[in-house]
Structure formats: C-alpha cells, structure tokens
Amino acid sequence: MDVNAAVAAAAGIAGLCTGVIAMLAFRWSERDLKKPTRASVRPETAATLPPGVDTVLSVLSSSAVVLDESDGVVKASSAAYALGLVRGGRLAVDQMLQMTRDTRRDGEIRQVELELPRRGTGRGDALAVSARVAPLGSRLVLLLVEDLTESRRIEAVRRDFVANVSHELKTPTGALSLLSEAVLEASDDREAVERFAGRMQIEATRLTNLVQELIDLSRVQNDDPLEDAEPVRVDELVAEAIDRCRQPAMSKEITMASGGTSDLSVWGNRGQLAAALGNLVENAVNYSPARTRVGIAVRRMAGQGRPLIELSVTDQGIGISEKDRDRVFERFYRVDPARSRATGGTGLGLAIVKHVAASHGGEVTVWSSEGQGSTFTLRLPESGTVRERTTGGPLFVNSDDEGPFDTAAFEPFPAPEALP
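A few points on the structure. Note that the coordinates shown come from a computational prediction; the quantities given were computed from them, not determined experimentally. Throughout this document, residue positions are counted from 1 along each chain, in the order its sequence is written. Owing to the predicted nature of the model, reporting of local features is limited to residues with pLDDT of at least 70; listing and counting of side-chain atom pairs is limited to 80 or more, with chain, interface and lining totals taken over all residues. As a rule here, side-chain values cover all heavy atoms of the structure and leave hydrogens and water aside.

**What about the overall build of the protein chain?**
Test applied: Only runs of H or I of at least four residues qualify as helices and only runs of E of at least two qualify as strands under DSSP, and these elements are numbered from the N terminus. Note on definitions: a residue-residue contact is assigned when non-hydrogen atoms from the two residues lie within 4.5 Å.
Assigned secondary structure in the protein chain consists of twelve helices and 15 strands. Long-range pairs, those at least 24 residues apart, make up 65% of the contacts in the protein chain with a sequence separation of at least 6.

**Focus on the packing of helix α7 (residues 234–244) against helix α9 (residues 270–286)**
When two helices pack together, you describe them by how their axes are tilted relative to each other and by the distance separating the axes. Which entries qualify depends on this criterion: Between N-to-C directions, angles span 0 to 180 degrees; the directions come from axes that are lines fitted to C-alpha atoms, helices contributing only their stretch in contact. The scheme is simple: roughly parallel for angles under 35 degrees, roughly antiparallel for over 145, roughly perpendicular for 65 to 115, oblique for anything else. Here a crossing is taken to be left-handed if its near helix is turned anticlockwise relative to the far helix by less than a right angle, and right-handed if that turn runs clockwise.
For the pair α7 and α9, the least separation of the axes is 9 Å and the interaxial angle reads 50 degrees. The angle between α7 and α9 places the two elements in the oblique class. Viewed along their axes, α7 and α9 form a crossing whose handedness is right-handed. Counting all contacts with α7, which are made through Glu236, Leu237, Val238, Glu240, Ala241 and Arg244, the residues of α9 involved are Arg270, Leu273, Ala274, Ala275, Leu277, Gly278, Asn279, Val281 and Glu282.

**What to know about the side chain of threonine 365**
So the rule is basically this: Buried means the residue's accessible area, taken with a 1.4 Å probe over protein chains only, is under 20% of the maximum for its type, while exposed means over 50%, and partly exposed covers the values in between. Polar contacts, as counted here, are pairs of nitrogen or oxygen atoms within 3.5 Å of one another; within protein the pair requires one atom able to donate a hydrogen and one able to accept it, and residues that are adjacent in sequence qualify only if both atoms are side-chain atoms.
On the secondary structure map, threonine 365 appears in strand β13 (residues 363–369). Classification of threonine 365 as buried rests on a relative accessible area of 17%. Polar contacts involving the side chain of threonine 365 include one to the side chain of arginine 379, which spans 3.4 Å.

**Things to note about α9**
Rules: By this rule the span expected of a helix is its residue count minus one, scaled by 1.5 Å.
In this model α9 runs 24 Å from its N-terminal to its C-terminal C-alpha over 17 residues, within 8% of the 24 Å that 1.5 Å per residue would give. With twelve of 17 residues buried, α9 lies mostly within the body of the structure. Within the span of α9, buried status applies to Gln272, Leu273, Ala274, Ala276, Leu277, Gly278, Asn279, Leu280, Val281, Ala284, Val285 and Asn286. Among the residues of α9, the N-terminal cap falls to asparagine 269, whose side-chain oxygen and the backbone nitrogen of glycine 271 are separated by 3.0 Å.

**Topic: the pattern of salt bridges**
To keep it simple, the criterion reads: Within this document, salt bridges are pairs made up of a side-chain nitrogen of Lys or Arg and a carboxyl oxygen of Asp or Glu, the two lying within 4 Å of each other.
Tallied over the entire structure, the rule returns 22 salt bridges. One salt bridge in this structure joins aspartate 106 and arginine 110, with 2.6 Å as the shortest N-O distance. On the basis of relative accessible area, aspartate 106 is assigned to the partly exposed category, the value being 36%. On the accessibility criterion, arginine 110 (24% relative accessible area) is partly exposed. Between arginine 300 and glutamate 382 there is a salt bridge, with the nearest N and O atoms lying 2.6 Å from each other. Note that arginine 300 is positioned in strand β11 (residues 293–301) and glutamate 382 in the loop between β14 (373–381) and β15 (389–390), a separation of 82 residues in sequence. Under the relative-accessibility criterion, arginine 300 is labelled partly exposed at 25%. Through salt bridges with shared partners, one network takes in Arg233, Asp235, Glu236, Glu240, Asp263 and Arg270.

**Re the pairing of strand β12 (residues 308–315)**
Operational definition: Paired strands, as defined in this entry, are two strands with at least two bridges between them according to DSSP.
Judged by how many residues are buried, β12 sits mostly within the fold: eight of eight residues are covered. Alignment of β11 against β12, held across eight bridges, turns out to be antiparallel. The partner of methionine 301 across the bridge, within β12, is leucine 308. Summarising the sheet, β12 and β14 pair through seven bridges and their orientation is antiparallel. Each bridged residue has a counterpart across the sheet, and for valine 313 the counterpart in β14 is phenylalanine 376.

**Overview of the layout of surface pockets**
To keep it simple, the criterion reads: Grid points spaced at 1 Å over the protein atoms alone were grouped into cavities, where a 1.4 Å probe fits but cannot get out, and pockets, open sets with protein on both sides within 12 Å along at least five of seven lines, with lining residues defined by an atom within 4 Å of a point. Grid points are joined across faces, edges and corners, and a volume is the space filled by probe spheres set on the points. Residues were grouped as follows: Ala, Val, Leu, Ile, Met, Phe, Trp, Tyr, Cys and Pro as nonpolar; Asp, Glu, Lys and Arg as charged; and all remaining residues, including Gly, as polar.
Taken as a whole, the second largest pocket holds about 300 Å³ of empty space. When grouped by side-chain class, the residues that make up the lining of the second largest pocket number seven nonpolar, two polar and four charged.

**Some details on the packing of aromatic side chains**
Rule in force here: Put simply, two rings from Phe, Tyr or Trp (the six-membered ring, in Trp's case) pair if the centres are within 6.5 Å, and we call them stacked under 30 degrees between planes, edge-to-face over 60, tilted for the rest. Each ring is checked for a lysine NZ or an arginine CZ that lies within 6 Å of its centre and within 35 degrees of its normal; such an atom marks a charge sitting over the ring.
On inspection of all chains with the given rule, the structure shows one aromatic pair. Considering the side-chain rings of phenylalanine 329 and phenylalanine 376, the 6.1 Å spacing of their centres and the 85 degrees angle between planes classify their relative orientation as edge-to-face. Of this pair, phenylalanine 329 sits in the loop between α10 (322–325) and α11 (337–343) while phenylalanine 376 sits in strand β14; the two residues are 47 residues apart in sequence, bridging distant segments of the chain. A cation sits over an aromatic face here: arginine 195 above phenylalanine 196, 5.1 Å from the ring centre.

Structural data, given as structure tokens:
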C-alpha cells in the first residue's frame with residue numbers, strides 16, 4: 001500500500017512538472033512570434049498601415065519603404081535592405097529622405113533618378129535607381145525604388161552596337177559610292193575602269209561579309225542551338241574549317257595541319273559549331289605571316305560532370321598584347337584596325353565564337369604572346385556517342401593556356417619552357 005502511494009505521488013509530481021514545462025514553452029513561443037522581423041523594423045507602429053498595404057508591398061518587385069511622421073521606417077522590404085536604402089531603422093539616402101519630407105509637407109507625388117554607390121565593393125561604378133514618393137494615408141509616406149542598372153547597361157550596349165554597325169556599314173558603302181563615280185569619270189580608260197571595278201568587288205565582298213556576320217551573330221544570340229542539336233563529328237568540323245580557308249592559306253603559302261584524338265563528337269547545332277571553328281581558323285590564317293603554319297589540335301579532357309572536347313587553333317602570327325587579350329571577344333573590337341581592313345575583318349568573328357561556345361555549354365579562351373603567335377581554345381561538352389580512337393602521337397595543348405603546341409607535328413612552334 002505504501003508502494004502504491006509512493007508511485008501515485010511520483011506520477012503526480014511528474015504531471016505537474018510536465019504542465020509547468022508546457023506552459024513555459026507556450027510563453028516562449030508567444031514571445032518569439034512577437035519579436036520584430038527585418039521587414040518590420042517598428043512593430044509597435046505596424047498597426048498604422050492601412051488594411052491590405054502590407055500584402056501589396058510584399059508582392060512588389062520594387063524596393064518599398066514606408067516612413068512615419070518622424071522619418072522612422074515602419075515597413076521595409078528585403079530588397080530595400082539589399083540596396084542599402086535602410087540602415088538602423090532609418091532611411092540612409094539623404095536625397096530620398098528629403099523627398100519624403102517634402103511629400104509629407106505638401107502631399108505631392110515626386111519622382112527622381114539617382115545613382116547610389118554599390119555596397120560592399122571597392123569599385124567606382126554605381127547603381128542607377130528611380131525613386132518615387134507618394135503619401136500613404138494621413139501620417140505615412142511610401143517610397144518605391146526601382147533598380148535601373150541592368151536596363152541602363154543593356155541600353156548602353158545597344159547604343160554602342162548601333163553606332164558600331166552604322167560606322168562599319170558606312171565605310172564600304174561610302175567606298176562603293178566613290179568608286180562608282182570614279183568608274184563613270186574614267187569610262188574611256190579601260191585600265192582605270194578595271195582597277196576601280198576590282199576595288200568595288202573588294203568593298204562589295206566586305207559589305208556582304210559584314211551583313212552575313214551580323215545575321216549570324218543575331219541568330220546565335222536569339223536561337224536555342226539545342227532545339228536542332230545532334231551529334232556532330234569533330235573530324236568533319238576540322239576538315240570543313242580547313243577547306244574553308246584553303247585558298248587564302250595557299251595564296252600566303254601557309255601550311256595547315258591537324259591532329260590529336262580522332263573519332264570524337266560534340267552535341268550541338270552543326271552550322272553554328274562549323275561557323276565558330278571556321279572563324280578561329282580563318283583568323284589564324286589572316287593574321288599569320290606568309291610561309292608559316294596553322295595547326296588544329298583535338299583532344300578529350302576531363303570536365304565538371306562530363307568530358308569536354310577541346311579544339312585548339314594555333315598560329316605563328318603577330319600575337320595579341322596583354323591589354324587587348326581580354327577584349328578580343330567584344331563585338332567590333334579589333335587589335336589592329338588597319339590590318340583588319342586589309343584582311344576584310346569585321347570584328348564580329350570572335351564574338352560569334354564566344355556566343356556559340358556559351359550557348360553550347362562550353363567556353364573559348366586565348367593564349368598569346370606578341371611576336372610568337374596565338375592559341376585559341378574552344379571547349380565543348382562531348383556527346384558521348386562516339387568512341388575515342390587516337391591516331392599517331394596525340395597533340396597536346398596546355399589546359400591552362402600557357403603556350404602553343406609542343407609536338408613534333410609543329411616543330412616551328414616554340415616549346416612552352418622556351419617562352420618568357
């Protein structure tokens with residue numbers, strides 16, 4: 001009997017303890033729910049927001065800040081914190097703070113475009129924003145801020161592109177106009193007519209190439225190459241690129257050679273891939289002195305998640321300076337504008353290569369040394385449908401782009417250890 005009493009007493013004490021713990025847990029959960037969040041800096045004034053405003057602000061794409069009559073932040077979205085508009089419960093941008101005070105005073109809606117420094121960066125560039133202030137009820141003011149940085153960048157790129165296209169089109173069209181006048185004036189001079197007609201053919205070809213490359217660039221930027229993707233044999237791409245440049249190479253007595261791992265394939269749009277590799281080979285031929293070599297090497301390399309096929313095009317040309325190396329893939333950028341005019345270059349070939357590589361999940365890089373030549377390397381995901389078969393001694397290209405080929409097939413090229 002005494003044992004039963006002891007058990008009953010212990011059970012009662014345990015139940016009492018459980019009840020106390022449950023009550024404390026309930027109190028703690030209530031206290032946590034009442035804690036202020038980042039989006040609501042001053043919860044004691046949150047009740048002053050008109051009904052439904054909190055919900056509307058939460059779905060806006062713009063950064064939103066609601067201020068009370070003492071310039072305190074009642075409500076601020078996460079985007080407002082990310083832009084650095086709110087710090088320590090106060091609006092941190094003086095121009096916007098003055099706008100809210102003016103709007104609170106006269107009830108007028110105001111809008112202005114400003115530039116704000118980027119938070120946490122040492123760069124000199126700024127964020128372009130559009131700020132709009134409007135009264136919200138009788139006591140509050142609503143500030144909406146839209147980030148215009150990306151749209152401004154796109155607009156600047158568009159303006160530059162239009163200006164460059166206008167300039168590039170003006171040169172050959174102007175030359176054709178002058179040459180046609182010269183032909184008319186020299187109609188009795190057969191030799192002069194033939195000379196001017198030859199120049200007209202050169203300018204017409206240049207104009208045709210420019211228009212075609214503009215079309216190609218627009219296509220690779222807007223089209224999804226994987227919609228018409230198929231396994232593409234790399235050997236066929238290499239053979240097509242060499243055949244495309246055979247005539248200009250023969251005229252300069254340039255030897256073109258290929259080697260490496262054969263029987264590989266990549267997955268993508270055949271036309272775009274052929275254009276990309278063809279542009280690299282064509283550039284190598286155009287910028288190489290007479291009686292030199294241009295080589296194309298192919299190999300499989302390990303990539304992140306799947307093997308990559310690496311196609312490297314090496315020349316013994318003039319090379320690219322360090323300051324120009326990061327810009328060679330920009331549209332209309334030319335390392336040597338005078339030489340580009342002589343070779344008929346448009347400044348779009350490498351931009352097309354870059355877009356094709358990116359749209360196929362790959363990349364293009366460049367190694368170059370002035371006076372020693374350049375190596376452009378195109379890396380693309382392997383299709384995984386063709387077995388690897390190596391013929392002869394494989395060509396090797398440094399994966400870090402540290403130098404040109406070191407192989408017996410390209411003996412005139414300097415070995416990497418001989419480079420400075």
